[in-house]
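# An overview of the molecular structure
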Amino acid sequence: MSITEEKLNLLRQIIGGVPKKIALLSHTNPDGDTIGAALAWRSYLERLGHTTCCIAPNRYPYFLEWMTDIGHIGVFKEDHDGAMARFIGEADVIFCMDFNQINRLDRVTDTVTANTTAVRVLIDHHLHPPVDGYAVRVDMSDFKALVSLLRICSNNLNQIAKRVNSTGNLYEEDVADLQERYGELWGAVSTLLGKLDNL
């Protein structure tokens, strides 16, 4: 599936204009693709003035807890007061992140299908998704580069922390290297946000 100017214009119309309630749904057994996409779109859509709610059917794995704003991912299985179900029911727009079949939502499926007025948008990197509605295929190469930078920074920080803990020494070169790596990381984040702004 390719992104056409027509599809981009439809997406611009959907997220442009007056503020909307937008549900950002991740698939069951959420991975980094679905969680990362939901959090990135949440950040962008809230900058546009929309009210968002990120929802996963069940809890994400512990190793994703490093992600910025991970606390904004609600777990539908733990929605004891029904707030997430109400948000989905009242949503003007429902984004489906990294899945193209509604049955990948398990217990959230009925709540989503009950909202017959919401516009549905698919954000997916899989080829040829079987879906009705608006679809945007995301080129993940920039995100993969960003994840690679995150891994390098995390590894460097861990190595420095181990050495400091064992020797008590922190070297200026280590601090300079970390500053350089984090500068690259934030440059990549700014580039990605700029690309989202151009949608």
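Placed above this text is the structure.
Everything numeric here is computed off the predicted structure, so don't read it as measured data.

## Examining the nonpolar core
- Counting 24 residues, the largest nonpolar core has L24, W41, I73 and F95 as the members making the most contacts within it.
- Among the secondary structure elements, those contributing two or more residues to this core are helix 1 (5-15), strand 1 (21-26), helix 2 (32-47), strand 2 (51-56), strand 4 (93-97) and strand 5 (119-124).
- Top element by residues in this core is helix 2. It accounts for seven residues.
- Excluding residues that lie within four positions of it along the chain, F95 makes contacts with L11, I15, I22, A23, L24, L25, W41, L45, V121 and I123.
- Core analysis: the next-biggest nonpolar cluster, separate from the first, contains 17 residues, L25, F87, A91 and V112 among them.

## Topic: the side chain of T111
- Counting through the fold element by element, T111 comes out in helix 4 (residues 109-114).
- What makes T111 buried here is its relative accessible area of 19%.
- Look past the residues within four positions of T111 in its chain and what remains in contact with it is F76, A85 and I88.

## Digging into helix 1
- Of the positions making up helix 1, those classed as buried are L8, L11, I14 and I15. The buried side chains of helix 1 occupy one side of the element, clustering within an arc of 120° when seen end-on. Those residues of helix 1 that are exposed and aimed more than 90 degrees away from the buried face are E6 and Q13.
- Directly after helix 1, the chain includes G17, whose backbone phi takes a positive value near 80°.

Cut-offs used in this document
Residues numbered from 1 in each chain as written. Predicted model: local features only at pLDDT ≥ 70, side-chain atom pairs only at ≥ 80, totals over all residues. Heavy atoms only, no water. Core = buried A, V, L, I, M, F, W, Y, C linked by side-chain atoms within 4.5 Å. Buried < 20%, exposed > 50% of the residue type's maximum accessible area, 1.4 Å probe, protein only. Helix = DSSP H or I, 4+ residues; strand = E, 2+ residues; numbered from the N terminus. Contact = heavy atoms within 4.5 Å. Arc of directions from axis to C-beta.

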